[in-house]
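A closer look at the structure
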Amino acid sequence: MTQIEIVPLAFLAFFVLLILFIILASKNKKLMNQAKENTKKQKLVAKHYPTYNFALRYGFIVPISFGSPLALQTYGLTGGFVVLGLILFLLPLLHMASLFLQKKAKLKEAEGDKGYKANIKLIKTHYPMDFNAYLFIASLGSGFLGIYLYDFGILQAITFGSLFLLLFTPLDHWVHHKFLKKSKLKDQKQNE
């Protein structure tokens, strides 16, 4: 057998084994209960921290998948190994961040917080112009950033644009938190 014949057979064997694993895993009750529990936790995180949830789930996939060819083009095989090392380094950090957000979301749920959408509704009730101005400035800034990065190439635009999104997420959370504190104070004064 030549190498050209071995590679498709290896892929075929991999996918057959993957399908068998999925079938066997779907019959396992303990695994199914754990999957349901994880889904509940992820929904709770998405309810209270949707931007962090999005950033943790998808924000690191894009820079790594589009940054790998960019690193290979720029630095060769060494760049590919650096990206692979970065992936292996980030996986435990992402898992720890996910566990931290799950704990914070459980605490918020226990305190009676109604979730992100209810908080945004409260903010829009008391500070609609300020909040819409913030959204407009953030959208305008991201549009200009996209146009600026597109001049460097599509791989660079996608990679660095998603990294800027990841860096902007804590700032966005901070701004929402400040608006929410002001809105709650104004709501308390109106109810008194």
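Note that the structure is a prediction, hence the values are computed from the model and not measured.

Cut-offs applied
- Think of each chain on its own: its residues are numbered from 1, step by step along the sequence as written.
- Thresholds applied to this predicted model are a pLDDT of at least 70 for local features of residues and 80 or more for the giving and counting of side-chain atom pairs; totals over whole chains, interfaces and linings are not thresholded and use all residues.
- For the side-chain quantities, the full set of heavy atoms in the structure was used; hydrogens and water were omitted.
- For salt bridges, the criterion is a side-chain nitrogen of Lys or Arg within 4 Å of an Asp or Glu carboxyl oxygen.
- Helix numbers and strand numbers start at the N terminus; a helix is a DSSP run of H or I with at least 4 residues, a strand a run of E with at least 2.
- Between buried and exposed lies partly exposed: a residue is buried under 20% and exposed over 50% of the maximum accessible area for its type, with that area taken using a 1.4 Å probe on protein chains only.
- How sure the predictor is of each residue is captured by pLDDT, a score from 0 to 100.
- Here, axes are lines fitted to C-alpha atoms. For helices the fit covers the stretch in contact, and angles between N-to-C directions go from 0 to 180 degrees.
- Oblique is the label for every angle not falling under 35 degrees (roughly parallel), over 145 degrees (roughly antiparallel), or within 65 to 115 degrees (roughly perpendicular).
- Each crossing gets its hand from how the near helix is turned against the far one by less than a right angle, where anticlockwise is left-handed and clockwise is right-handed.
- Residues count as neighbours in contact if any of their non-hydrogen atoms are within 4.5 Å of one another.
- Three categories are distinguished: nonpolar for Ala, Val, Leu, Ile, Met, Phe, Trp, Tyr, Cys and Pro, charged for Asp, Glu, Lys and Arg, and polar for the others, with Gly belonging to the last.

1. What to know about the pattern of salt bridges
- Scanning the model with the defined rule gives 2 salt bridges in all.
- A salt bridge links Glu 109 to Lys 47; the nearest nitrogen and oxygen atoms lie 3.3 Å apart. Here Lys 47 lies in helix 2 (residues 29-48) and Glu 109 lies in helix 5 (residues 77-111), a separation of 62 residues in the sequence.
- Between Lys 108 and Asp 113 there is a salt bridge, with the nearest N and O atoms lying 3.8 Å from each other.
- A relative accessible area of 15% places Asp 113 in the buried class.

2. So, the confidence of the model for the chain
- Summing up the model confidence of the chain, the mean pLDDT is 84 and the portion of residues at 70 or higher is 99%.
- Per-element averaging of pLDDT across the chain places helix 4 (residues 61-75) at the bottom with 74 and helix 6 (residues 116-126) at the top with 90.

3. Some thoughts on the packing of helix 3 (residues 50-59) against helix 8 (residues 154-191)
- Their axes nearest at 10 Å, the elements helix 3 and helix 8 cross at an angle of 160°. One finds that helix 3 runs roughly antiparallel with respect to helix 8. In this structure, helix 3 crosses over helix 8, and the sense of that crossing is left-handed. On helix 8, the residues touching Thr 51, Tyr 52, Phe 54, Ala 55 and Gly 59 of helix 3 are Ser 162, Leu 165, Leu 166, Thr 169, Pro 170, Asp 172 and His 173.
- Split by residue class, the contact of helix 3 with helix 8 holds 6 nonpolar, 5 polar and 1 charged.

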